[in-house]
Amino acid sequence: MTKKTKSNTSKEELENLLPGYNCGICGYARCEEFAGALLKKHTTLDKCSFLYQELFKENLEQMRNVLKSENIILEEKPVIGLLDGYEADFILKPLPKESSCREILYPFTREKLKKEDIIRYRPLGCPITHFGKIIDEEHGLITVHMVGPCHRLSDDSEEFQFKEIGLCMVGGFEGIIEGQLPNVGETVRFLPKHCMMQKVHSGVVVQLEGKKALIEGIDLKVWAPPIKREK
Ligand code: SF4
């Protein structure tokens, strides 16, 4: 009888944890082949999008552990905010083909704002002036992409004209989670990839579609002891 190697056992474990749909979306005709390719580092877990659904959340975690034990994926480093040294649960990256996470704002201005406007504002609780391009406007709420400040502050050409709207309340963030997936309804600490201060934000996950998350109830005050940093 042939003795089972650790890799054989890991392959079986991975196969048992995969959805078993054999749909080919990952680029392999069968889940079994995908499991083998993972162990050979020919592919990555995110190619099977089903694994990011709520149903397979625990399987994904167990698959990560199998791949860590095989040194295929390394232990994740903690995500630490640079400014205050708080640990975040994950990084929030822009949606595919977008330049920054989407920020949903409650502007206090009475000025009429519309799609495509460039605005200058300061989020409540943040010392940094932001520049955003409005990509959506609904019932007084606006959704923006970050487009500054760096190059905008030094350029007053026509192209860089903006509306000054002062203080804004940040209501939500939408983006792609890099790291451990939370549950809907969970209060999380996260680092928006575009945050110029690299400051950890907190909020509540109100929608989760695979790795795409909508987080609301944003707060820049994070109540947790900072991680001790080496001097
Ligand atoms: S995408 Fe997932 S479910 Fe479909 S074949 Fe690949 S591993 Fe199996």
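In what follows, the structure referred to is the one given above.
One structure accompanies this document, and this report is about it. What you see is a predicted model; the values in this text were computed from it and never measured.

## Overview of the site of the ligand
Part 1: Around the ligand, 13 residues are found, and the nearest of them are Tyr21, Cys23, Cys26, Cys31 and Cys48.
Part 2: The class makeup of the residues in the shell around the ligand is 11 nonpolar, 2 polar and no charged.

## Regarding unusual backbone geometry
Part 1: One non-glycine residue, Glu116, lies in the positive phi region at around 80 degrees.
Part 2: Mapped onto the elements, Glu116 comes out in the loop between strand S4 (102–107) and strand S5 (118–123).
Part 3: Classification of Glu116 as exposed rests on a count of 8 C-beta atoms within 10 Å.
Part 4: Although it is not a glycine, Gln198 adopts a positive phi angle of roughly 50 degrees.
Part 5: Looking at the secondary structure, you find Gln198 in the loop between strand S9 (187–192) and strand S10 (201–209).
Part 6: For Gln198, a count of 16 C-beta atoms within 10 Å gives the class partly exposed.

## Considering the environment of Thr187
Part 1: Locating Thr187 in the fold gives a position in strand S9.
Part 2: Its 13 C-beta neighbours within 10 Å are what place Thr187 among the partly exposed residues.
Part 3: Taking the C-alpha atoms as reference points, Thr187 and Val204, 17 residues apart in sequence, are found 4.3 Å from one another.

## A word on helix H3 (residues 57–69)
Part 1: Here H3 is 13 residues long and its end C-alpha atoms lie 19 Å apart, about the 18 Å a rise of 1.5 Å per residue gives.
Part 2: Just beyond H3, the residue with positive phi is Asn71, at close to 60 degrees.

Cut-off values and rules
- Residues numbered from 1 in each chain as written.
- Predicted model: local features only at pLDDT ≥ 70, side-chain atom pairs only at ≥ 80, totals over all residues.
- Near = placed C-beta within 6 Å.
- Nonpolar A, V, L, I, M, F, W, Y, C, P; charged D, E, K, R; others polar.
- Helix = DSSP H or I, 4+ residues; strand = E, 2+ residues; numbered from the N terminus.
- Buried ≥ 20, exposed ≤ 12 C-beta atoms within 10 Å, placed from the backbone.
- Expected span 1.5 Å × (residues − 1).

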